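An overview of the molecular structure
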Amino acid sequence: MALFCTKKAAITAATAVLALALSACGGSGGGSSSSEGTGASAPYTVASNVSLTGSPTFDKIKSAGKVRIGVKQDQPGLGFMDAATGQYSGFDIEIAKWTAASLGLSADKIEFKPIPSANRESAIQNGDIDFYVGTYSITDSRKKQVDFAGPYFITGQGLLVKKSNTTINSEKDLAGKTVCSATGSTPLQNIQKNFPQTQTRPFDTYSQCVDALKNGQVDAVTTDQAILLGYAAQDPDNLKVVGQPFTTEKYGVGLAKGDTALRKFINDMFTNGKDTWQKIYDSTLGKSGTKVQQPAVDNY
Ligand code: GLU
């Protein structure tokens, strides 16, 4: 269907599979807690004798014998912690575990640290985490504070509304409406800059936004469509995603600015690990069977 192979259509395809994927795996499959080892079925193995010189982050990880990875914990399908079991699951979590394994750390040596959007740069800069894997868009302004490996996934900004909503069908219907997004996120900045007739209601996390939508405080939640499809899949009787993605969000692994050795190491992992990427995708977001292409890394 070459006619439909626009960039937008590709992004839609990349994210539209999430709802099905979530219903297929119940939103909690595929992950393991930080106390489990890398499972036999994992499409990556824990490397031994890792050779990575000139990376202050890796030196720290080696001497600590563990890796602290910043993640999201309330984004089903991407980065989600099951409150009952403490287990983390999702596409981002698997990318994080693959990265740790490539650095020689098994899953039981990972400490997942949930960090909301607004605190990512400071957590990396302060050394609270070794790197961050959580729907983190690569942007020029963030690159002034941190570095990014990747991109490892591409999605775009979308809209989540109540199922009963008939007035918001796309971003063109946002004038006079109130939308919720996360503080410090690119979707919030986009609305504030480019949608002057739209009110914004920021919260720290998207799950707080979803609560605000359900109890009528806001008309819509806006963030990456990949994230919104996860919430809609959890509550299909009350929530729906409308419209098409209207930005391009490229997810990167956030790491300390200037740690070029680590950035290149992770980029090489993505470039040389296409089979692994595909297996991770297929076992998480791609469970519906829809195929998407791994994006090429940007070795800036
Ligand atoms: N990808 C966007 C961002 O990095 C929105 C999702 C998020 O806040 O994590 O700002």
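Refer to the structure above for everything that follows.
Please read all numbers here as calculations on a predicted model, not as lab measurements.

So, on to the state of the cysteines. Taken as a whole and judged by the stated rule, the model has one disulfide. Each sulfur of the disulfide joining Cys180 and Cys209 lies 2.1 Å from the other. Disulfide Cys180-Cys209: the torsion about the S-S bond is -75 degrees, which places it as left-handed. Here the residue Cys180 occupies a position in strand S9 (residues 178-182), and Cys209 occupies one in helix H7 (residues 206-214), the gap between them amounting to 29 residues.

The next subject is the packing of helix H3 (residues 91-102) against helix H9 (residues 260-272). Interhelical geometry of H3 versus H9 gives an angle of 110 degrees and a closest axis separation of 11 Å. It follows from the interaxial angle that H3 and H9 lie roughly perpendicular. Crossing angle aside, the handedness with which H3 passes H9 is right-handed. Within the contact between the two elements, H3 uses Ile95, Trp98, Thr99 and Ser102 and H9 uses Phe265, Ile266, Met269 and Phe270. Looking at the contact of H3 with H9 residue by residue, the class counts come to six nonpolar, two polar and no charged.

The local shell around the ligand holds 17 residues, among which Lys72, Ser117, Ser137, Tyr206 and Asp224 are the closest. One nitrogen or oxygen atom from the side chain of Ser117 is found 2.6 Å from an oxygen atom belonging to the ligand. Taking Thr186, its main chain carries an N or O atom lying 2.9 Å from an oxygen atom of the ligand. Taking 280 Å² as the accessible area of the ligand by itself, protein coverage stands at 100%.

Relative to the assigned elements, Thr99 resides in helix H3. The buried category is assigned to Thr99, whose relative accessible area is 0%. Once residues within four sequence positions are removed from consideration, Thr99 is found in contact with Phe131, Ile266 and Met269.

This next bit is on the environment of Leu188. The residue Leu188 is located in helix H6 (residues 186-194) in this model. You can call Leu188 buried: its relative accessible area is 7%. Distance from Leu188 to Arg201, taken between C-alpha atoms, is 8.9 Å for residues 13 residues apart in sequence. Residues contacting Leu188, with those up to four places away along its chain left out, are Ser181, Ala182, Thr183, Thr200 and Pro202.

This part takes up the pattern of salt bridges. Under the counting rule described, the total for this entry stands at eight salt bridges. For the salt bridge of Asp130 with Arg68, the shortest nitrogen-to-oxygen distance reads 2.8 Å. With Asp130 in the loop between helix H4 (120-125) and strand S6 (131-132) and Arg68 in strand S1 (residues 67-71), this pair connects stretches of sequence that are 62 residues apart. In this pair, the class of Asp130 matches that of Arg68, namely buried.

With an omega of 10 degrees, the peptide bond running from Gly150 to Pro151 counts as cis. By the element assignment, Pro151 lies in strand S7 (residues 146-155). Phi angles above zero are rare outside glycine, and Asn49 is one such case at about 50 degrees. Overall, Asn49 belongs to the exposed group, its relative accessible area being 76%. Of note in this structure, Thr135 is not a glycine but carries a positive phi near 45 degrees. Position of Thr135 among the secondary structure elements: in the loop between S6 and helix H5 (140-143). Accessibility expressed as a relative area gives 5% for Thr135, which makes it buried.

What counts and what doesn't
- Residues numbered from 1 in each chain as written.
- Predicted model: local features only at pLDDT ≥ 70, side-chain atom pairs only at ≥ 80, totals over all residues.
- Heavy atoms only, no water.
- Disulfide = S-S within 2.5 Å.
- Helix = DSSP H or I, 4+ residues; strand = E, 2+ residues; numbered from the N terminus.
- Axes fitted to C-alpha atoms, helices over the stretch in contact; angles between N-to-C directions.
- Parallel < 35°, antiparallel > 145°, perpendicular 65-115°, else oblique.
- Left-handed = near helix turned anticlockwise from the far one by under 90°.
- Contact = heavy atoms within 4.5 Å.
- Nonpolar A, V, L, I, M, F, W, Y, C, P; charged D, E, K, R; others polar.
- Near = heavy atom within 4 Å.
- Polar contact = N/O pair within 3.5 Å; in protein donor to acceptor, adjacent residues only side chain to side chain.
- Areas by Shrake-Rupley, 256 points an atom, 1.4 Å probe, with all protein chains shown as cover.
- Buried < 20%, exposed > 50% of the residue type's maximum accessible area, 1.4 Å probe, protein only.
- Salt bridge = Lys/Arg side-chain N within 4 Å of Asp/Glu carboxyl O.

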